[in-house]
Amino acid sequence: EPEVTQTPSHQVTQMGQEVILRCVPISNHLYFYWYRQILGQKVEFLVSFYNNEISEKSEIFDDQFSVERPDGSNFTLKIRSTKLEDSAMYFCASSLGIAGANVLTFGAGSRLTVL
Amino acid sequence: EDQVTQSPEALRLQEGESSSLNCSYTVSGLRGLFWYRQDPGKGPEFLFTLYSAGEEKEKERLKATLTKKESFLHITAPKPEDSATYLCAVPQGGSGNTPLVFGKGTRLSVIA
């Protein structure tokens, strides 16, 4: 069964450092997403991406965050200068079509710990 | 105001003890309600999508139902392997590719 692959599974970084989280979405999917989940809290939307541009973003997704699809397979989330409150599980997801009409398939997540 | 509210927050059942989880939503013009299962340290795993009031979907011991204001996830004769957090999500609203908004989930523990 096709799956969304995320790397790294766990990253520890110092506050102020840049972090890049990587995702390989399902190959025929066209819509890509990043969500995060702070420990014990709900899954929160960060950003959606379609046709090489951001289609929606939340208030959380400020100037410190950026996304990129550098080639035909990878989808990345960059945090430029990490803060303690960025510590969370980050989930990449992809869907064949728009979110309401199509299932989002999630990856296993990348746990980010900011010290 | 939360658009998706799930109850209870946690539920502890004996193996074989059936129960229901609730998801109420406030978005207008619902364009799909999604149930996911999340195991500790893992990503959400899709279970069901419901689109219209009265619709029901079943998978093994799980059955999801939808009304105009809420959805129920019924668990019949649960087993310990059904222990997980069950998440409900709806598209935020509006047109186009609006994101899924998740509830806080119900943490289910099934004791042998």
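None of these values were measured; they are calculated from a predicted model.

1. Comments concerning the packing of aromatic side chains
Point 1. Counted by the stated rule, this structure contains 13 aromatic pairs over all chains.
Point 2. Seen in terms of ring centroids, Phe-49 of chain A and Phe-75 of chain A are 5.3 Å apart; in terms of plane orientation they differ by 40°. Their pairing is tilted. Of this pair, Phe-49 of chain A sits in strand E5 (residues 44-50) while Phe-75 of chain A sits in strand E8 (residues 75-79), and the two are 26 residues apart along the sequence. No difference in accessibility class separates Phe-49 of chain A from Phe-75 of chain A, as the two residues are buried.
Point 3. Both rings, one in Tyr-36 of chain B and one in Phe-46 of chain B, keep their centres 5.8 Å apart while their planes meet at 75°; by these two values the pair is edge-to-face.

2. Some words on the interface of chain B and chain A
Point 1. Contact with chain B, which involves 23 residues of that partner, is made by 23 residues of chain A.
Point 2. Summing both sides of the interface, chain B and chain A together bury roughly 1,700 Å²; the carbon and sulfur share of this comes to 58%.
Point 3. Linking chain B with chain A are zero salt bridges.
Point 4. In this structure, the connection of chain B to chain A is made through three residue pairs in polar contact (both at pLDDT 80 or more).
Point 5. Only strand E4 (33-38), strand E5 (45-50), strand E9 (84-91) and strand E10 (100-102) of chain B provide two or more residues apiece to the side of chain B that touches chain A.
Point 6. Among the elements that make up the side of chain B that touches chain A, the one with the highest residue count is E4 of chain B (three residues).

3. Considerations on the sheet that holds E8 of chain A
Each strand in a sheet pairs with its neighbour through backbone hydrogen bonds, running either in the same direction (parallel) or in the opposite one (antiparallel).
Residue and element names in this part refer to chain A.
Point 1. If you trace the four strands from one edge of the open sheet to the other, you get E1-E3-E8-E7, paired in antiparallel fashion. The strands lining the two open edges of the sheet, one partner per strand, are strand E1 (5-7) and strand E7 (65-68). Adjacent strand axes in the sheet meet at a mean angle of 15°, parallel and antiparallel pairs treated alike.
Point 2. Pairing analysis gives five bridges linking strand E3 (residues 19-24) to E8, with the strands arranged antiparallel. From the neighbouring strand, Leu-21 faces E8, where its bridge partner is Leu-77.

4. Things to note about the pattern of salt bridges
Point 1. A full pass over the atoms with the stated rule returns five salt bridges over all chains.
Point 2. Between Lys-63 of chain B and Glu-56 of chain B there is a salt bridge, with the nearest N and O atoms lying 3.8 Å from each other.

5. Things to note about unusual backbone geometry
Point 1. Omega for the bond connecting Thr-7 of chain A with Pro-8 of chain A falls within 30 degrees of zero, at -10°, which places this linkage in the cis form.
Point 2. Take Pro-8 of chain A: it is sitting in the loop between E1 and strand E2 (10-13).
Point 3. A cis amide bond links Ser-7 of chain B to the next residue, Pro-8 of chain B, at an omega of -10°.
Point 4. Mapped onto the elements, Pro-8 of chain B comes out in the loop between strand E1 (4-7) and strand E2 (10-14).
Point 5. With a phi close to 55°, Asn-51 of chain A is a non-glycine residue in the positive phi region.

Cut-offs and rules
Residues numbered from 1 in each chain as written. Chains lettered and ligands numbered in written order. Predicted model: local features only at pLDDT ≥ 70, side-chain atom pairs only at ≥ 80, totals over all residues. Heavy atoms only, no water. Phe/Tyr/Trp six-rings, centres within 6.5 Å; stacked < 30°, edge-to-face > 60°. Helix = DSSP H or I, 4+ residues; strand = E, 2+ residues; numbered from the N terminus. Buried < 20%, exposed > 50% of the residue type's maximum accessible area, 1.4 Å probe, protein only. Contact = heavy atoms within 4.5 Å. Buried area = accessible area lost by both parts, 1.4 Å probe. Salt bridge = Lys/Arg side-chain N within 4 Å of Asp/Glu carboxyl O. Polar contact = N/O pair within 3.5 Å; in protein donor to acceptor, adjacent residues only side chain to side chain. Pairing = 2+ DSSP bridges. Axes fitted to C-alpha atoms, helices over the stretch in contact; angles between N-to-C directions.

By themselves these figures say nothing about function.
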